[in-house]
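Given next are the chains, with one letter for each unit.
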Amino acid sequence: MYDHQYGKLIYGSDKPHQLYYHYKEKIFILTSNIYEPCLYIEDGDKIICTLHTAFTTEELIKAFSAGKAVKAIDRNDYDEAAFCRIVAAAIDSKREQMDFTYAAEMTANIP
């Protein structure tokens, strides 16, 4: 699991496809829909942001637990550290919806 100032993913629990994101002293739940490539960032029982053209939690857990990256629609590879920066940017933006690649562009100058 990657741990950085831009948050930490938590996976590998007794629920194999459950993905959590710890950021700024809060635990968010990341969920997805297998029928459309959206990732939902949930705070409690409320979806606070939908990332369109993203990934399923199953894809993310499989790649990141193996130390690999995921390839987005923009053809860029995103490892766990980059993914955490993107989710942090989406949360900090306070936008209810955005494209995953737009959120990725928001992090272009973040080390």
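Use the structure listed above.
Calculation notes
Residues numbered from 1 in each chain as written. Predicted model: local features only at pLDDT ≥ 70, side-chain atom pairs only at ≥ 80, totals over all residues. Heavy atoms only, no water. Helix = DSSP H or I, 4+ residues; strand = E, 2+ residues; numbered from the N terminus. Rg over C-alpha atoms; globule rule 2.2 N^0.38 Å. Buried < 20%, exposed > 50% of the residue type's maximum accessible area, 1.4 Å probe, protein only. Areas by Shrake-Rupley, 256 points an atom, 1.4 Å probe, with all protein chains shown as cover. Lys, Arg positive; Asp, Glu negative; His and termini not counted. Charge placed at Lys NZ, Arg CZ, Asp CG, Glu CD. Phe/Tyr/Trp six-rings, centres within 6.5 Å; stacked < 30°, edge-to-face > 60°. Pairing = 2+ DSSP bridges.

K.L.:
If you had to explain the overall build of the chain to someone new, which residues and values would you point to?
P.N.:
Summing up its helical and strand segments, the chain has three helices and nine strands in all. Along the chain, helices and strands appear, N-terminal first, in the series β-β-β-β-β-β-α-β-β-α-β-α. The C-alpha radius of gyration of the chain comes to 12 Å, within 12% of the 13 Å expected for a compact globule of 111 residues. Across its three principal axes, the chain shows a C-alpha extent of roughly 35 × 30 × 30 Å. Counting over 111 residues, the chain shows a buried share of 43%. Of the roughly 6500 Å² of accessible surface on the chain, a fraction of 49% belongs to carbon and sulfur atoms. Both charge centroids of the chain, one from 12 positive and one from 17 negative side chains, sit 2 Å from each other.

K.L.:
Hey, could you go over the packing of aromatic side chains for me, with residue numbers and the actual values?
P.N.:
For the structure shown, the criterion picks out six aromatic pairs. Judged by centre distance (6.4 Å) and plane angle (35°), the rings of Y21 and F28 are tilted. A single burial state applies to Y21 and to F28, both of which are buried. The interplanar angle of 85° and the centroid separation of 5.4 Å between the aromatic rings of Y78 and F100 together place this pair among those described as edge-to-face. Here the residue Y78 occupies a position in strand 8 (residues 77–78), and F100 occupies one in helix 3 (residues 100–106), the gap between them amounting to 22 residues. Across the pair, exposure class does not vary: Y78 and F100 are buried alike. Each residue in the set F55, F64, Y78, F83 and F100 is aromatic and connected to the rest through ring pairs, giving one cluster.

K.L.:
Run through the pairing of strand 5 (residues 36–43), naming residues and quoting values.
P.N.:
Direction of pairing for strand 4 (residues 26–33) relative to strand 5: antiparallel, over a ladder of five bridges. The partner of T31 across the bridge, within strand 5, is Y40. Remark: two residues form the turn of the hairpin made by strand 4 and strand 5, two consecutive strands paired antiparallel. The pairing of strand 5 with strand 6 (residues 46–52) spans five bridges and is classified as antiparallel.

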